[in-house]
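# A structural walkthrough
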Protein chains: 2
Amino acid sequence: MTIQVFGHKSPDTDSTGSPIIWAWYLNQIKGEDAKPVLLGEPNTEAAFMLSHWGLDKPEIIEDVAEGAPVVIVDTNNPAELPKSINKADIRGIIDHHKLVAGLETKAPIEIRIEPLACTATIMWKMIGDDLAQAPREIKGAMLTCILSDTLEFRSPTTTQEDKAIAFGLAKDLDVDLKDFAAQMFAAKSDVSAFSDAELLRMDSKEYEVDGTKFRVSVLETTAPDMPLSRKDSLMETMKTVASEDDVDEVLLFVVDILNEEATLLVPNDRVKAVAEKSFGATVEGDTVVLPGVMSRKKQIIPNLKV
Amino acid sequence: MTIQVFGHKSPDTDSTGSPIIWAWYLNQIKGEDAKPVLLGEPNTEAAFMLSHWGLDKPEIIEDVAEGAPVVIVDTNNPAELPKSINKADIRGIIDHHKLVAGLETKAPIEIRIEPLACTATIMWKMIGDDLAQAPREIKGAMLTCILSDTLEFRSPTTTQEDKAIAFGLAKDLDVDLKDFAAQMFAAKSDVSAFSDAELLRMDSKEYEVDGTKFRVSVLETTAPDMPLSRKDSLMETMKTVASEDDVDEVLLFVVDILNEEATLLVPNDRVKAVAEKSFGATVEGDTVVLPGVMSRKKQIIPNLKV
């Protein structure tokens, strides 16, 4: 049976690219039968990666069959995975997020989680010398994932390993890092095609603090005016999204990649209190700028207070 | 704060030796401040390892403090760990068991789980060339752990990696593998000092099948007659142990390392049915021999049926 390799339900660049990288490794180096799949439509930056490197868009699946062999990458959280994930035959997990109680396996499997910025960085280390056999598009996907997750090394999640590996790949591929990252971020920043609800759910994780359930959404962009000009209708739509997704509040952080700051929309007093308690911000009006805030994982989630 | 490195609550050789190995690595190679600790009294084989290689017996701790930095080895199961484990600052997990939902971390940490026979084998791979700096007793502990968990390569959990690494260590240390393993197993087989209840709990894991809770206990020995001569009182004591530990049944498998078979004690009809359904055995009397059965992880737990 073909091993399905997938990331989480909101495929960003790492969750789209890493399954492609790992399926290549399993097929070409390990002699297994594997294919990358997606759990949803890739975002605009991920779509740019696919077209730029000439990679096929992986098939989108809804759920996994009982006993189906799978490898999970870029998450270990069942809430971000197919409904039947614990009935599948989980063969491996490669991730860079905190451990969340939830996944179970029937036998010991290979699990590799490291506090690096990007899943593809961990794969680079695991693949080792065999990467020399990888075609240009696989190394290209790897580079794109690392630039994406590190926001071109601006994110505080960036480690020396992520950076050194990205520089090495760029040199190997003869890619101008600055120019390429600008193209990626322009692709990510073009959110005009998305509805408000789609924007709120695009790069989003549910997180509970002392009984209050949040949908913590991030929009990384080099053109913050684009989403911020829609703030009134975004804030209106938050009510519907919160109700449909059974959370108390949607927090939208518009992350300005180039200016290294986030703007949080403040639709009500509860979010205002969250902004003040969590980030020591002084809120006036319906937005607040949080200087230096770029990472949900490292700066937003660990500080969230109600 | 000193990082405490520990294995599970019933310290066998791997759960005693691997914390010692990893604390050495963290201290001497990584420049951190770490110490091995135990969650219980080491078994007789683990005690042999300590005295043979001249290692200090690690301190035994009862629980971990909130926020205390810890590294967990040889398990990822909260039931086998200190009560307050999820309040500790878990810095890393190195294990070779199936993933059990339960542990959580506040941030991404280094987790390495591989389907190898022994935690020390994974550590050998992680330590890499730095092992050249390890003193004789650290390499000796590593070798002892691998020989213990593989039952000198007889256990079906044994992989080529475990075997190759053990041979390399034995050569490096100029140890006669066969002779050394015989000394280890003789130490493990001397169970005369233990009460029946201690024997039943010594190398034991709780496991639930369709609502029936088992304590699955294993005694690996080169002298099966020693525990089997006590079978009547062991079976009598099972009732007390089951009741005290809130399980429905205690299963005791006496694993004959040299003859590569297990003898299961059959105190009642429920265990008789388990033996028949799980292992296709024909039970007559109060014991049944299961040819080839040596591994709880690979042969007993996955087959257990009620």
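Residues numbered from 1 in each chain as written. Chains lettered and ligands numbered in written order. Predicted model: local features only at pLDDT ≥ 70, side-chain atom pairs only at ≥ 80, totals over all residues. Heavy atoms only, no water.

Per the counting criterion, the structure on display carries 10 aromatic pairs over all chains. By the ring-pair criterion, three or more aromatic residues cluster together here, those being Phe48(A), Trp53(A) and Phe180(A). (Phe/Tyr/Trp six-rings, centres within 6.5 Å; stacked < 30°, edge-to-face > 60°.)

Quick look at empty space enclosed by the protein now. Counted under the stated rule, the structure contains 1 cavity of 30 Å³ or more. Considered as a void within the structure, the largest cavity measures approximately 90 Å³ in volume. Looking at the largest cavity, it is lined by 15 residues, and the ones nearest its centre are Asn76(A), Leu99(A), Val100(A), Leu103(A) and Leu99(B). For the lining of the largest cavity, the class distribution of residues is 11 nonpolar, 4 polar and no charged. (1 Å grid on protein atoms, 1.4 Å probe; cavity = no way out; pocket = protein on both sides within 12 Å on 5 of 7 lines; lining within 4 Å. Points joined across faces, edges and corners; volume = space filled by probe spheres on them. Nonpolar A, V, L, I, M, F, W, Y, C, P; charged D, E, K, R; others polar.)

Next up on the list: the pairing of strand β6 (residues 110-113) of chain A. Sheet topology note: the strand β5 (residues 89-95) of chain A/β6(A) ladder contains 4 bridges and is parallel. The residue of β6(A) that forms the bridge with Asp95(A) is Ile113(A). Bridge count between β6(A) and strand β6 (residues 110-113) of chain B: 3 bridges; the pairing is antiparallel. Its bridge partner lying in β6(B), Ile111(A) is registered against Ile113(B). (Pairing = 2+ DSSP bridges. Helix = DSSP H or I, 4+ residues; strand = E, 2+ residues; numbered from the N terminus.)

Taken from the UniProt record, the annotation "domain: DHHA2" (unreviewed entry) applies to residues 181-304 of chain A. Overall, residues 181-304 of chain A shows 40% helix and 27% strand. The separation of its end C-alpha atoms is 30 Å. (UniProt positions renumbered as here; feature names shortened; annotations may be inferred.)

The next subject is the pattern of salt bridges. Tallied over the entire structure, the rule returns 48 salt bridges over all chains. Of the charged contacts, one joins Arg230(A) and Asp196(A) as a salt bridge, the two residues approaching to 3.0 Å between their closest N and O atoms. Of the two residues, Arg230(A) is situated in the loop between α8 (225-228) and α9 (231-244) and Asp196(A) in helix α7 (residues 196-202); the sequence distance between them amounts to 34 residues. You can call Asp196(A) buried: its relative accessible area is 13%. Residues Glu206(B) and Arg215(B) are paired through a salt bridge, measuring 3.5 Å at the closest nitrogen-oxygen approach. On the basis of relative accessible area, Arg215(B) is assigned to the buried category, the value being 10%. Residues participating in the shared-partner salt-bridge network are Arg201(A), Glu206(A), Arg215(A), Glu244(A) and Asp245(A). (Salt bridge = Lys/Arg side-chain N within 4 Å of Asp/Glu carboxyl O. Buried < 20%, exposed > 50% of the residue type's maximum accessible area, 1.4 Å probe, protein only.)

Quick look at unusual backbone geometry now. All names here are of chain B. The backbone of Leu-151 shows a phi angle near 50 degrees, a positive value even though the residue is not glycine. Here Leu-151 lies in the loop between α4 (136-150) and α5 (160-173). The buried category is assigned to Leu-151, whose relative accessible area is 1%. Phi at Glu-260 takes a positive value of approximately 55 degrees, unusual for a residue other than glycine. Mapped onto the elements, Glu-260 comes out in the loop between β9 (249-256) and β10 (261-265). Accessibility expressed as a relative area gives 35% for Glu-260, which makes it partly exposed.

Let us look at the sheet that holds β10(B). All names here are of chain B. With mixed pairing, the 5 strands of this open sheet are ordered in space as β7-β8-β9-β10-β11. Strand pairing shows two members of the sheet lacking a second neighbour, β7 (204-209) and β11 (287-291), which therefore form its edges. Along the sheet, successive strands turn relative to each other by an average axial angle of 25 degrees, direction set aside. When β10 meets β11, the two strands line up antiparallel, connected through 5 bridges. Residue pairing for β11: Thr-263 is matched across the bridge by Val-289. (Axes fitted to C-alpha atoms, helices over the stretch in contact; angles between N-to-C directions.)

A word on the environment of Pro58(B). Residues and elements named next belong to chain B. Residue placement: Pro-58 occurs in the loop between α2 (44-53) and β3 (59-60). Overall, the relative accessible area of 7% leaves Pro-58 in the buried class. For the pair Pro-58 and Arg-296, spaced 238 residues apart in sequence, the C-alpha separation works out to 27 Å. When sequence neighbours within four positions are dropped, the list of residues in contact with Pro-58 reads Ile-20, Pro-36, Val-37, Leu-38 and Leu-50. (Contact = heavy atoms within 4.5 Å.)

Right, let's get into α5(B). Residues and elements named next belong to chain B. For α5, built from 14 residues, the straight-helix expectation of 20 Å at 1.5 Å per residue is met to within 8% by its first-to-last C-alpha distance of 20 Å. Its buried side turned inward, α5 meets α2, α3 (119-127), α4 and α6 (177-189). A positive backbone phi angle near 55 degrees is found at Asp-174, which sits one or two residues after α5. (Expected span 1.5 Å × (residues − 1).)

Mapping chain B onto chain A calls for a screw motion: a turn of 180 degrees about the axis and a shift of 0.0 Å along it, with 0.0 Å RMSD after fitting. Taken together, the rotation angle and the small translation identify this as a two-fold axis. When the interface residues of chain B are mapped onto chain A, 100% of them again lie at the interface, so the same face is used by both copies. (Least-squares fit on C-alpha atoms with pLDDT ≥ 70 in both.)

Residue and element names in this part refer to chain A. Put simply, helix α3 (residues 119-127) and helix α5 (residues 160-173) touch, their axes get as near as 10 Å, and they point 70 degrees apart. One way to sum up the angle between α3 and α5 is to call them roughly perpendicular. Each of Thr-121, Trp-124 and Lys-125 in α3 lies in contact with α5, whose residues at this interface are Glu-161, Asp-162, Ile-165 and Leu-169. Residues that form the contact of α3 with α5 fall into these classes: 3 nonpolar, 1 polar and 3 charged. (Parallel < 35°, antiparallel > 145°, perpendicular 65-115°, else oblique.)

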